[in-house]
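One letter stands for each residue in the lines below.
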Amino acid sequence: MNTREYDVLIIGAGLSGVGMACQLKRNCPGKRFALLEGRDALGGTWDLFRYPGVRSDSDVSTLGYSFRPWRGGQVLADGASIKNYVADTAAQYGVDRHIQFGRTVRSANWCSKAKRWTVEVVQRASGELQTYTAKFLVGCTGYYDYAAGFQPDFPGAEQFQGPLIHPQHWPENLDYHDKKVVVIGSGATAMSLVPALAKHAARVTLLQRSPTYLLPLPSFDPLTAALQRWLPAKLAYRLTRARNITLSRTLFERARKQPRVVRRFLLGLVRQQLDGAASMRHFTPSYAPWDQRLCVVADGDLFKAIKAGKAEMVTDQIDHLAPGGIRLKSGAELEADIIVSATGLKLQMLGGINLRVDGQPVPLGERMIYKNVLLEDVPNAGMIFGYTNLSWTLKADLASAYLCRLIQHMDRHGYQECRARDLADNRTGRSVLADLNSGYVQRADKLLPRQGRGGPWRASQNYQQDTQTLRFGPIADPSLLFDGLGRTPKRAAAHSWSSLRRAAAAMGV
């Protein structure tokens, strides 16, 4: 059995993995690295999800990488456009040549004596077990199970005579033309599916147990297009990113401080879009804004479908599935030829890898995350974990840049091992996603890493603060042990002051 040796192994070739690889190319050009991808194509989420209307809720200026501007005045991008952007970026930086497809990582074990990770990988096509070693391991697998989404056990499901589909595994040739379709769910997937299906289906019903907050946004931004036309590309991109980050952050902070004001604002937008075409009770959540993620409605397409009579909203609970549709607890019945269960994700950390340190299992649900990047007491390992209140890529960019700085720091001082260690009993019972009360988060709470009371152990959702900390702040820290010792080199500390001054100038851009 041949062992493949690398400096850095990246698990996953989606938005985060390709971004991490590009950062290595830009900042650590001498490193030998590989991306191990379980699928046969790059793109991650944007290759997996193929349902009609699949798109991002994040604007393209913040969804795109900081080092590669997204061109055009587009605001919200569909799944195919995002995948193409990731693929083009990988090709531009030569990262595509480092991706090994069809590789499922089964386990990863850190050996303190050898100062290396040994990673066992199954080549899916042949079933061959392969061994890789690396000095540094970076998990870029997102936080959900690619094998299956969350599918409730609907009573009577075996009686339903039509297809029962989860959007995570959309049939390629599903014919929904002139069919009655019921979409179960109230999240982003359901809100984008319904108007897309309504273009060709006879009628689409969105069945929700409870409403969610909706935010209508245009799909084209004339100001961004104008900036790109009259300013240098990088400057236009930075200005657009800074504006959109500020707007998103302001909305989130206002929702936390003045939830009633933001609630009235959001409901007012929806009321204006509906113009009396449906009851507001289907659009009025019982919780405060940003207790769960907001759902974006591109160009008001959902509201247009409702006003055109092609879609309807029903707020009720399922009693059971019947041969011809769904019987509700209210006694009503929804006719359906096709049922789509947009009921959410099944969370999974690090792609389900069996993670060990010196042969001992690492229970992720019992470990904290240092600066949202390093797992507590797991040497030479990073985990890319994006924002929940902003674009995922904003945090992924910062985390990738931080890991490159950490690797450079270790090379500069001759360190072979780095691990984050809690020296002050910071751990709490709160997970890194504790600010969200979405069902899929609550179901998987025990699987998620914890966060601490403060400092580098507290999960941050503040881009400006993270820019200072991850991109410009000092690497040396009492909670970081290098080669088993806590060290704070004087030159690193001195360097940090000039870095922080630069951070102040770059904050938010």
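Residues numbered from 1 in each chain as written. Predicted model: local features only at pLDDT ≥ 70, side-chain atom pairs only at ≥ 80, totals over all residues. Heavy atoms only, no water.

Side note on the sheet that holds strand S13 (residues 318-322)
Two orientations exist for strands paired in a sheet by backbone hydrogen bonds: parallel and antiparallel. Put simply, the test is: By this definition, two strands are paired if DSSP reports at least two bridges between them. Strands here mean DSSP runs of E at least two residues long; helices mean DSSP runs of H or I at least four residues long; both are numbered from the N terminus. Axes, fitted as lines to C-alpha atoms, cover a helix only where it is in contact. Angles between the N-to-C directions of the axes lie from 0 to 180 degrees.
As summarised here, the arrangement of the 3 strands in space is S13-S14-S15, forming an open sheet in which the pairing is antiparallel. A single partner strand is all that each edge strand has here, and the edge strands are S13 and strand S15 (333-335). The mean inter-strand angle of the sheet, taken between neighbouring strand axes irrespective of direction, is 20 degrees. Of the pairings in the sheet, the one linking strand S14 (residues 325-328) to S15 comprises 3 bridges and is antiparallel in character. If you follow Gly325 over to S15, its bridge partner there is Glu335.

Details of the nonpolar core
Within soluble globular proteins, side chains that are nonpolar tend to cluster in buried spots. For the record, the criterion: What we call a nonpolar core is a set of buried Ala, Val, Leu, Ile, Met, Phe, Trp, Tyr and Cys residues that are connected through their side-chain atoms within 4.5 Å. Throughout, exposure labels follow a simple rule: accessible area from a 1.4 Å probe, protein chains only, divided by the maximum for the residue type, with under 20% read as buried, over 50% as exposed, and the rest as partly exposed.
Counting 139 residues, the largest nonpolar core has Val183, Leu355, Leu403, Leu406 and Leu480 as the members making the most contacts within it. Among the elements that line this core, the one with the most residues is helix H10 (residues 392-413), at 11 residues. Of all hydrophobic cores here, the second largest spans 13 residues; its members include Phe154, Phe160, Ile184 and Val314.

Considering the environment of Thr428
Convention followed: Residues count as neighbours in contact if any of their non-hydrogen atoms are within 4.5 Å of one another. Any N or O atom pair separated by 3.5 Å or less is treated as a polar contact, with the protein-specific requirement of one donor-capable and one acceptor-capable atom, and with residues adjacent in sequence counted only for side-chain atom pairs.
Locating Thr428 in the fold gives a position in strand S23 (residues 427-431). Taking the C-alpha atoms as reference points, Thr428 and Arg453, 25 residues apart in sequence, are found 6.4 Å from one another. When sequence neighbours within four positions are dropped, the list of residues in contact with Thr428 reads Arg450, Gln451, Gly452 and Arg453. Within the local environment of Thr428, its side chain forms a polar contact with the backbone nitrogen of Arg430, the two atoms lying 3.2 Å apart.

What about helix H6 (residues 222-230)?
Note the threshold: Directions pointing from the helix axis toward each C-beta atom define the arc.
Looking at H6, one finds that the buried residues are Thr224, Ala225 and Leu227. Angularly, the buried residues of H6 cover 160 degrees about the axis, an arc narrow enough to put them on a single face. Away from its buried face, by an angle of more than 90 degrees, H6 presents the exposed residues Pro222, Arg229 and Trp230. If you check the start of H6, you find a side-chain oxygen 3.1 Å away from the backbone N of Leu223, and it comes from Asp221.

So, the pattern of salt bridges
Stated formally: One speaks of a salt bridge when a side-chain nitrogen belonging to Lys or Arg is within 4 Å of a carboxyl oxygen belonging to Asp or Glu.
Scanning the entire structure with this criterion turns up 20 salt bridges. The shortest N-O distance in the salt bridge between Arg427 and Glu376 comes to 3.0 Å. Of the two residues, Arg427 is situated in strand S23 and Glu376 in the loop between strand S20 (374-375) and strand S21 (381-383); the sequence distance between them amounts to 51 residues. On the basis of relative accessibility, which here comes to 35%, the residue Arg427 falls in the partly exposed class. Shared partners join several salt bridges into a network, and the residues in it are Lys115, Asp377, Glu417, Arg419 and Arg421.

Comments concerning the state of the cysteines
Under the convention used in this document: Disulfide assignment relies on a single distance test, namely cysteine sulfur atoms paired within 2.5 Å.
As enumerated under the stated definition, the model contains 0 disulfides in all. Cys140 takes part in no disulfide bond, and the closest cysteine sulfur, belonging to Cys404, lies 11 Å away. Owing to a relative accessible area of 7%, Cys140 belongs among the buried residues under this scheme.

Considerations on empty space enclosed by the protein
Empty pockets left among the atoms are what a rolling probe the size of a water molecule brings to light. We count it as follows: Using a grid of 1 Å spacing that covers the protein atoms alone, one calls a set of points a cavity when a 1.4 Å probe fits there but cannot get out, and a pocket when the set is open and has protein on both sides within 12 Å along at least five of seven lines; lining residues are those with an atom within 4 Å of a point. Grid points are joined across faces, edges and corners, and a volume is the space filled by probe spheres set on the points.
Within the structure shown, the criterion is met by 4 cavities of 30 Å³ or more. Lining the largest cavity, in full, are Ile11, Leu137, Val138, Gly139, Leu350, Ile353, Leu355, Leu375, Ala381, Gly382 and Met383. Broken down by secondary-structure element, the contributors of at least two residues to the lining of the largest cavity are strand S6 (129-139) and S21.

Focus on the layout of surface pockets
To keep things clear, this is the line we draw: Three classes are used, and their members are as follows: Ala, Val, Leu, Ile, Met, Phe, Trp, Tyr, Cys and Pro are nonpolar, Asp, Glu, Lys and Arg are charged, and the others, Gly among them, are polar.
As a volume, the second largest pocket reaches approximately 850 Å³. Forming the walls of the second largest pocket are 41 residues, and the residues nearest its centre are Leu215, Leu217, Asn244, Leu247 and Ser248. Of all the elements in the fold, those that place two or more residues in the lining of the second largest pocket are helix H3 (60-63), strand S10 (214-217), H6, helix H7 (233-257) and helix H8 (259-274). The residue makeup of the lining of the second largest pocket, split by class, is 22 nonpolar, 13 polar and 6 charged.

Thoughts on the confidence of the model for the protein chain
As a reminder, the rule being used: The quantity called pLDDT is the predictor's confidence in a given residue, expressed from 0 to 100.
In this model, the protein chain carries an average pLDDT of 90, and 94% of its residues clear a pLDDT of 70 or more. Residue range residues 488-509 is modelled with pLDDT below 50. Its contacts to residues more than four positions away, or to other chains, number 28 contacts.

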